[in-house]
Amino acid sequence: MTEKSLCKGCTESVMVTEEVIQELVKETEEDLSVIVSDDVYEARLKSCTSCPALQYGTTCAHSGSIVRYRAKFKNKACPLAGNPKWEKVS
């Protein structure tokens, strides 16, 4: 079954493999000062997982970013305009 894309620029060809996502997430560990704690990360992912803007189980329709990557960074917030599901961390 094919999921309907909310992002007008996305097609199924933009789907990212699990291996690519794991490599991206692993790269964040190179500078621990810029990433959130595991607890914050898990809470962010939980919010994203339940969000209707999550496309293909990996991508945010609002930003086009891979949520498991974006959620790692302190300086990133949920891109949902007006009512973000999570905020930047100081």
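Everything here concerns the structure above.
Along each chain, residue indices are assigned from 1 in the same order as the chain's sequence is written. For a predicted model such as this one, the threshold for reporting local features is a pLDDT of at least 70, and the threshold for listing and counting side-chain atom pairs is 80 or more; totals across whole chains, interfaces and linings nevertheless cover every residue. The side-chain quantities take in all heavy atoms of the structure and omit both hydrogens and water.

1. Considering the nonpolar core
- Only buried residues count toward a nonpolar core, which is a set of Ala, Val, Leu, Ile, Met, Phe, Trp, Tyr and Cys residues joined through side-chain atoms within 4.5 Å. Working definition: with a 1.4 Å probe on protein chains only, accessible area under 20% of the residue-type maximum means buried, over 50% means exposed, and in between means partly exposed. The biggest cluster of nonpolar side chains holds 13 residues, and the ones touching the most others in it are Tyr 41, Val 67, Ala 71 and Trp 86.
- Here a strand is any run of E in DSSP of at least two residues, a helix any run of H or I of at least four, and the numbering for each starts at the N terminus. When contributions to this core are tallied by element, the ones reaching two or more residues are helix H1 (18-28) and helix H2 (38-49).
- Top element by residues in this core is H2. It accounts for three residues.
- Those residues in contact with Trp 86, other than ones at most four positions away along the chain, are Arg 44, Ser 47, Cys 48, Arg 70, Ala 71, Lys 76, Ala 77 and Cys 78. Contacts are residue-level and defined by heavy atoms, with any inter-residue pair within 4.5 Å sufficient.

2. Focus on the side chain of Arg 70
- Positionally, Arg 70 belongs in helix H3 (residues 67-70).
- When charges are counted, Lys and Arg contribute as positive and Asp and Glu as negative, whereas His and the chain ends are disregarded. A side-chain nitrogen of Lys or Arg and a carboxyl oxygen of Asp or Glu constitute a salt bridge if their distance falls within 4 Å. Although Arg 70 is buried, it makes no salt bridge; Glu 87 carries the closest opposite charge, 9.9 Å away.
- Looking at Arg 70, its side chain comes within polar contact range of the main-chain oxygen of Ala 77, at 2.9 Å.
- Residues in contact with Arg 70, not counting those within four places in the same chain, are Arg 44, Ser 63, Ser 65, Lys 76, Ala 77, Pro 79 and Trp 86. In the analysis that follows, any N or O atom pair within 3.5 Å is treated as a polar contact, provided that within protein one partner can donate a hydrogen and the other can accept it, and provided that, for residues neighboring in sequence, both atoms belong to side chains.

3. Some words on the packing of aromatic side chains
- Any pair of Phe, Tyr and Trp rings, taking the six-membered ring for Trp, is counted once the centres come within 6.5 Å. Such a pair is stacked with planes under 30 degrees apart, edge-to-face with planes over 60 apart, and tilted for the rest. If you walk through the whole model with that rule in mind, you get one aromatic pair.
- Each ring is checked for a lysine NZ or an arginine CZ that lies within 6 Å of its centre and within 35 degrees of its normal; such an atom marks a charge sitting over the ring. Against the face of Tyr 41 rests Lys 72, its NZ or CZ located 4.3 Å from the ring centre.

4. Quick look at a negative patch on the surface
- Taken together, the side chains of Glu 23, Glu 27, Glu 29, Glu 30, Asp 31, Asp 38, Asp 39 and Glu 42 define an acidic patch exposed on the protein surface.
- Ranked by the residues each element gives to the negative patch, the list is headed by H2, at three residues.
- When you line up the elements, Asp 31 lands in the loop between H1 and H2.
- For Asp 31, a relative accessible area of 37% corresponds to the partly exposed category. A patch is a set of surface residues, each over 30% in relative accessible area and not in a salt bridge, joined within 9 Å for like charges and within 5 Å for the nonpolar side chains Val, Leu, Ile, Met, Phe, Trp and Tyr. Methods summary: accessible areas were calculated by the Shrake-Rupley approach with a probe of 1.4 Å, and residue burial reflects only the protein chains presented. To locate a charge, the coordinates of NZ of Lys, CZ of Arg, CG of Asp or CD of Glu are taken.

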